[in-house]
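Breakdown of the fold
Each chain, letter by letter, is given below.
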Amino acid sequence: MAEGLTDKTGASVTVELDLTGPINAYTVNLADGSPAGRAEFIDPPRAGDERIFFHTEVDEEFGGRGLAGLLVREALDDSMRRNLTVVPVCPLFARHLAKHGDAFVANGGVFRRPTSSDIALVTRTVEG
């Protein structure tokens, strides 16, 4: 992932990709390696070129540092590098793409609106 990331306080952070389960995530970690937040997604089995983002969360104690926005931007950049179509079920991703979608597309990114079947897949996956 990208190097030299800092939050709004100037503290160093890292964003890493965690592909350990059916629910995967981009995680943001503090310089000491402590986790501070995550953007969860699933890659639908029927569409090998899509990534459905459905939940983003930053621990309350780290609020106001811009970590959620940093997570979204890094996740979108990585999805673009992997030639994945982003499906924003997560309200944070949806708002970001509503505001910055033209720039995302101009830089080579692709996204589409979620369908009811996307939401049903997320629900089935989360519920186990």
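Before reading on, note that the structure itself is shown above.
All of these numbers come straight from a predicted model, not from anything done at the bench. (Residues numbered from 1 in each chain as written. Predicted model: local features only at pLDDT ≥ 70, side-chain atom pairs only at ≥ 80, totals over all residues. Heavy atoms only, no water.)

Another aspect to go through is the sheet that holds strand β2 (residues 12-18). Strand pairing in a sheet takes place through backbone hydrogen bonds and is either antiparallel or parallel in direction. Taking strand neighbours across the sheet as the criterion, the seven strands line up as β1-β2-β3-β4-β5-β6-β7 in an open arrangement whose pairing is mixed. Edge positions in the sheet fall to β1 (5-6) and β7 (110-111), since each of these pairs with one other strand and no more. The sheet contact formed by β2 and strand β3 (residues 24-30) spans six bridges and is antiparallel. Bridged to valine 13 within β3 is leucine 30. Across the sheet, helix α1 (residues 67-81) touches β1, β2, β3, β4 (35-42), β5 (50-58) and β6 (85-88), and the angle it forms with β5 is around 165°. (Pairing = 2+ DSSP bridges. Helix = DSSP H or I, 4+ residues; strand = E, 2+ residues; numbered from the N terminus. Contact = heavy atoms within 4.5 Å. Axes fitted to C-alpha atoms, helices over the stretch in contact; angles between N-to-C directions.)

Once that is clear, we can look at unusual backbone geometry. At asparagine 83, a residue that is not glycine, the phi angle is positive and equals roughly 60°. Checked against the element boundaries, asparagine 83 lands in the loop between α1 and β6. We classify asparagine 83 as exposed; its relative accessible area is 65%. (Buried < 20%, exposed > 50% of the residue type's maximum accessible area, 1.4 Å probe, protein only.)

Overall, the coordinates contain five aromatic pairs when judged by the stated rule. Every member of this aromatic cluster is reached through a ring pair, and the members are Tyr26, Phe41, Phe53 and Phe93. (Phe/Tyr/Trp six-rings, centres within 6.5 Å; stacked < 30°, edge-to-face > 60°.)

What follows deals with the nonpolar core. Residues Val13, Val15, Tyr26, Val28, Phe53, Leu76 and Phe93 are the most contacted members of the largest nonpolar core, which totals 23 residues. If you list the elements that add at least two residues to this core, you get β2, β3, β4, α1 and α2 (91-106). Of the residues forming this core, the biggest block, seven residues, is contributed by α1. Residues in contact with valine 28, not counting those within four places in the same chain, are Val13, Thr14, Val15, Ser34, Pro35, Ala36, Gly37, Leu67, Leu70 and Leu71. Grouped together as the second largest cluster of nonpolar side chains are six residues, Ile42, Ile52, Phe54 and Val122 included. (Core = buried A, V, L, I, M, F, W, Y, C linked by side-chain atoms within 4.5 Å.)

Within the element layout of this structure, serine 117 appears in helix α3 (residues 116-127). Residue classification places serine 117 among the partly exposed residues on the basis of a relative accessible area of 40%. Among the polar contacts made by the side chain of serine 117, one reaches the side chain of threonine 115 at a distance of 2.9 Å. (Polar contact = N/O pair within 3.5 Å; in protein donor to acceptor, adjacent residues only side chain to side chain.)

A few words now on the pairing of β6. Along β6, one buried face is formed by Thr85 and Val87 and the opposite face, lined by Val86 and Pro88, is buried too. Of the strand pairs in this sheet, β5 and β6 are connected by four bridges, and their pairing is parallel. When the sheet's bridge partners are listed, glutamate 50 is paired in β6 with threonine 85. Of the crossover connections in this fold, the one passing from β5 over α1 to the parallel β6 is right-handed. Here β6 pairs with β7 via two bridges, running parallel. Following the sheet pairing, threonine 85 is matched in β7 by valine 110. (Right-handed = clockwise from strand over helix to strand, strands pointing away.)

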